[in-house]
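# Breakdown of the fold
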Amino acid sequence: MISRRTTRLLGEAYAVYFGNRDLRIGMLGPGYQNYGMYSHKLRKFLFEHNYPEWFSDELTGAHSTQDAENFIMQLHTGKSVTEPSNYYPVPDETLQRQGQEILLKLAQDLLKYWKEGLDGKGLMKVGPAVSALQSGLELDGYLFRNGQLLAPEEEVLDTEETAGVLEALYGSLGLEMGNIALNHLSMSEQHYQAGRWTDCITNSRNFLEAVLREVAAKHSKVVKNQPLSDDTYKRPVRVREYLRDEKLIDEDEMQALAKVYGLLSGKGSHPYMAENDQARLLRNLALLLSQFVMLRFDSLLNGRNHKNTGYRGAVNDTSN
């Protein structure tokens, strides 16, 4: 699924590609100009790439870059999908699915158009917007290869949704150091989009480490009624051993965490893998394992609360 973040980047890329900078409409905010659109050029592009007439009419009817961006962003919610239908009302899920199909095609066609340099537009002006779009797509699990957007991980991990789940889980479990941990999560995405692959991997590792450490600390406080020792808290290997000894994970899972932690801590890139692919995949592993451990802890607390009270209350209520 193309995320809201990437949908916004897609709208911005189309605005750069087909915006008419000779037709300045006004300011949208500090440093952001609103321009007109090259409607004829855009219509030709949409016609050559087999978009339906209703869609071409709607998008080329945008009077400004802001209107075009808004129309493309509303494809994510399905609001911009106005294809004639004999069945009304059309379910929201159907409109959103159709919007996703159009977003995927828009992204693929623009990337292919840019890679082939068909319109001769200056790469210095277009390049940053298209590069940001491609990074966003990669974070969503899409790879652009041979003119096609492939989604080998689409069913495995929706990174934007997963990040939201991780934030919610972290907060609901009442884990400490939330600002620091979630900052690592956010920075891992920002560094990826900026092409700082090593920093992306480092922040992904730091987030995983924070999750394991704070789950262990919370478990010791809630279940054992004592603080986690500093010697355990400050040493990742001790934290993993604690989680194993307390049956939050088993031996195989502890070994898997240790191996992935080692990969995340490794220096340099694999000689047979592109750095962006390595950063993306390692980040995904870190997020998946973080979610795995937090859900394990959540299940433990869930069962404990049901056993003790017959009701699952707030996590913090168990730390009396």
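What counts, and at which threshold
- Residues numbered from 1 in each chain as written.
- Predicted model: local features only at pLDDT ≥ 70, side-chain atom pairs only at ≥ 80, totals over all residues.
- Heavy atoms only, no water.
- Helix = DSSP H or I, 4+ residues; strand = E, 2+ residues; numbered from the N terminus.
- Buried < 20%, exposed > 50% of the residue type's maximum accessible area, 1.4 Å probe, protein only.
- Areas by Shrake-Rupley, 256 points an atom, 1.4 Å probe, with all protein chains shown as cover.
- Axes fitted to C-alpha atoms, helices over the stretch in contact; angles between N-to-C directions.
- Parallel < 35°, antiparallel > 145°, perpendicular 65-115°, else oblique.
- Left-handed = near helix turned anticlockwise from the far one by under 90°.
- Contact = heavy atoms within 4.5 Å.
- 1 Å grid on protein atoms, 1.4 Å probe; cavity = no way out; pocket = protein on both sides within 12 Å on 5 of 7 lines; lining within 4 Å.
- Points joined across faces, edges and corners; volume = space filled by probe spheres on them.
- Expected span 1.5 Å × (residues − 1).
- Salt bridge = Lys/Arg side-chain N within 4 Å of Asp/Glu carboxyl O.

Glancing now at the overall build of the chain. Broken down by element type, the chain carries 13 helices and four strands. Counting every position in the chain, which comprises 320 residues, the buried fraction comes to 47%. Carbon and sulfur atoms form 51% of the exposed surface of the chain, whose accessible area is close to 16600 Å².

The contact between helix α2 (residues 39–48) and helix α3 (residues 53–60) brings their axes to 10 Å, and the two run at 160°. Between α2 and α3, the interaxial angle falls into the category roughly antiparallel. The hand of the α2/α3 crossing is right-handed. Contacts from Ser39, Leu42, Arg43 and Leu46 of α2 reach α3 at Phe55, Ser56, Asp57, Leu59 and Thr60.

Below, the discussion takes up empty space enclosed by the protein. Within the structure shown, the criterion is met by one cavity of 30 Å³ or more. Size it by volume and the largest cavity reaches roughly 50 Å³. What lines the largest cavity is simply Glu209, Leu212, Arg213, Tyr233, Lys234, Arg235, Pro236, Val239, Arg240 and Tyr261.

Here the focus is helix α8 (residues 178–193). Its 16 residues give α8 an end-to-end C-alpha distance of 23 Å, which sits within 8% of 22 Å, the value for a rise of 1.5 Å per residue. Of the residues making up α8, those classed as buried are Gly178, Ala181, His184, Leu185, Ser188, His191 and Tyr192. Gly195 lies just past α8 and shows a positive phi near 80°.

The next thing to look at is the pattern of salt bridges. What the rule picks out here adds up to 17 salt bridges. One salt bridge in this structure joins Lys224 and Glu246, with 3.3 Å as the shortest N-O distance. Separated by 22 residues along the polypeptide, Lys224 in the loop between α9 (197–223) and α10 (230–233) and Glu246 in the loop between α11 (236–245) and α12 (251–265) bring together distant segments of the chain. Note on Lys224: relative accessible area 34%, which makes it partly exposed. On the basis of relative accessibility, which here comes to 24%, the residue Glu246 falls in the partly exposed class. For Glu253, the salt bridge is made with Arg296, and the minimal N-O distance between the two is 2.8 Å. On the criterion of sequence distance, the pair formed by Glu253 in helix α12 and Arg296 in helix α13 (residues 275–309) is long-range, its members being 43 residues apart. Within this structure, Asp231, Arg235, Arg238 and Glu241 form a network of salt bridges that share partners.

Once that is clear, we can look at unusual backbone geometry. Most peptide bonds take the trans form, and the phi angle of most residues other than glycine is negative. Even without being a glycine, Met177 presents a positive backbone phi close to 60°. Structurally, Met177 can be placed in the loop between α7 (159–172) and α8. Judged by its relative accessible area of 41%, Met177 is partly exposed. Positive phi outside glycine occurs at Asn225, with the angle close to 55°. Tracing the backbone through its elements, the reader meets Asn225 in the loop between α9 and α10.

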